[in-house]
Amino acid sequence: MTDRLFLLNPGWTDDQGGPWYCPAGAVVEGVLSFHPMLRDQLEIVYLDHPRPRPPVIDLVGEDHQSCPILVLDGVFDWPEAETSETTGRRFLQDGAIIPYLAARYGIARPHP
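Below: a short report on this structure.

With that out of the way, let us pick up the packing of aromatic side chains. Scanning the entire structure with this criterion turns up three aromatic pairs. On the basis of an interplanar angle of 75° and a centroid distance of 5.7 Å, the ring pair of phenylalanine 76 and tyrosine 100 is categorised as edge-to-face. Taken together, the residues span a long stretch of sequence, with phenylalanine 76 in the loop between β5 (69–71) and β6 (82–83) and tyrosine 100 in helix α4 (residues 97–105) at a distance of 24 residues. For tyrosine 100, a relative accessible area of 0% gives the class buried. Summarising the aromatic geometry, the rings of tryptophan 78 and tyrosine 100 are spaced 5.6 Å apart at their centres and angled 85° between planes, so their arrangement reads as edge-to-face. On the criterion of sequence distance, the pair formed by tryptophan 78 in the loop between β5 and β6 and tyrosine 100 in helix α4 is long-range, its members being 22 residues apart. Exposure class is identical for tryptophan 78 and tyrosine 100. Each is buried.

Right, dumping it as structure tokens:
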């Protein structure tokens, strides 16, 4: 398996109004636009906002279905990754994704 990145489709509405987009996902989308070769190296899956999100649940369990989430392929050791208690799969969410992408795929890192 390749590292699998789950992002939310923009433009959803909910009981608070909308249309909305995911701020953390927008940051990851920005990195993907700066480094388009990542789109060839990752499996990227876009999901609609409403839960449950079965493709994520299948990999890391119901407790970790927030997006963005990067489910790791297990090839590159990354000690900061969380481990799903349900499936044993390793994953990163939100701000933890970009440092991993920089280390594994050699892209630019955010300025401190």
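Here the narrative resumes, following the displayed structure.
This brings us to the sheet that holds strand β4 (residues 43–47). The five strands lie next to each other as β4-β1-β5-β7-β6, forming an open sheet whose pairing is mixed. On the outer flanks of this sheet lie β4 and β6, each paired with one strand and no other. Against the sheet, helix α1 (residues 23–34) makes contact with β1 (4–8) and β4, and its axis sits at roughly 125° relative to β1, the strand it touches most. Docked against the sheet, α4 engages β1, β5 and β7 (90–93), running at close to 40° with respect to β5.

Definitions and cut-offs
- Residues numbered from 1 in each chain as written.
- Predicted model: local features only at pLDDT ≥ 70, side-chain atom pairs only at ≥ 80, totals over all residues.
- Heavy atoms only, no water.
- Phe/Tyr/Trp six-rings, centres within 6.5 Å; stacked < 30°, edge-to-face > 60°.
- Helix = DSSP H or I, 4+ residues; strand = E, 2+ residues; numbered from the N terminus.
- Buried < 20%, exposed > 50% of the residue type's maximum accessible area, 1.4 Å probe, protein only.
- Pairing = 2+ DSSP bridges.
- Contact = heavy atoms within 4.5 Å.
- Axes fitted to C-alpha atoms, helices over the stretch in contact; angles between N-to-C directions.

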